[in-house]
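Geometric and topological summary
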Amino acid sequence: MARTARQILNALSRSTNVHIHSTTRLVAHVDSAATAIDKKRREKGQEAARRKPDLRPVPLAEHGRSIDLTPWQILQTVARGYVLAGQGMGRGLAEHWISLKFCEALHGNRAGSMDLTDKGRSSERWYKGMQARELAVGFGLAVAEHIVQQR
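All values derive from a computational prediction rather than experimental measurement. (Residues numbered from 1 in each chain as written. Predicted model: local features only at pLDDT ≥ 70, side-chain atom pairs only at ≥ 80, totals over all residues. Heavy atoms only, no water.)

Remarks on the nonpolar core
- In terms of nonpolar packing, the biggest core is built from eight residues, these being Val18, Ile20, Ile67, Leu69, Ile74, Ala142, Val143 and Ile147.
- At the level of elements, β2 (66-69) and α7 (123-150) are the ones that each hand at least two residues to this core. (Core = buried A, V, L, I, M, F, W, Y, C linked by side-chain atoms within 4.5 Å. Buried < 20%, exposed > 50% of the residue type's maximum accessible area, 1.4 Å probe, protein only. Helix = DSSP H or I, 4+ residues; strand = E, 2+ residues; numbered from the N terminus.)

As structure tokens, this is what we get:
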């Protein structure tokens, strides 16, 4: 049964726990991934990406095990990230990324007509994956913002 607009708005306003996982093991995984990215960049003749030199887990005393956030807060954080990416040097990359999402779903068929790709045809799975990745960024940004505000 479809939910009413009021039910959806109430659900978006309801606060829930977001668990925070910041450990030395996670930092080691991030460092390992960064090293692999830098190695690929060097192989292509590019410079290593600029990163924070001393990555450490956020102390438990600073954030506890979880924080309370509403879905609205997560969506607002994602939207702010996209708007900010649209400013300055990040604008072109943000626009390019968004256009790639659509390009991946469309192509010309044998008859020369516009058609959906397999990803476009199975858009539910594709969009769910894309939404999950984008919402994960939103959760990460919201937690980071919370921790910075606490500091």
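Section: helix α2 (residues 24-43)
- With 20 residues, α2 should reach 28 Å at 1.5 Å per residue; the first-to-last C-alpha distance of 29 Å fits that figure.
- Every buried residue of α2 is accounted for by Val27, Ala34 and Asp38. The arc that holds the buried residues of α2, viewed along the axis, is 40°, so those residues lie on one side. For α2, the exposed residues lying more than 90 degrees away from the buried face are Arg25, Lys40 and Glu43.
- Directly after α2, the chain includes glycine 45, whose backbone phi takes a positive value near 80°. (Expected span 1.5 Å × (residues − 1). Arc of directions from axis to C-beta.)

Points about the confidence of the model for the protein
- Chain-level statistics for the protein give a pLDDT mean of 76 and a share of 69% at 70 or above.
- Least confident of the elements in the protein is strand β3 (residues 106-108), whose mean pLDDT is 61; most confident is α2, at 90. (pLDDT = per-residue confidence, 0-100.)

With respect to the pattern of salt bridges
- Taken as a whole and assessed by the stated rule, the structure comprises two salt bridges.
- For arginine 51, the salt bridge is made with aspartate 38, and the minimal N-O distance between the two is 2.8 Å. In this pair, arginine 51 sits in the loop between α2 and α3 (60-63) while aspartate 38 sits in helix α2, placing the two residues 13 residues apart along the sequence.
- On the basis of relative accessible area, arginine 51 is assigned to the partly exposed category, the value being 37%.
- Between arginine 56 and aspartate 54 there is a salt bridge, with its nearest N and O atoms 3.1 Å apart.
- For arginine 56, a relative accessible area of 56% puts it in the exposed group. (Salt bridge = Lys/Arg side-chain N within 4 Å of Asp/Glu carboxyl O.)

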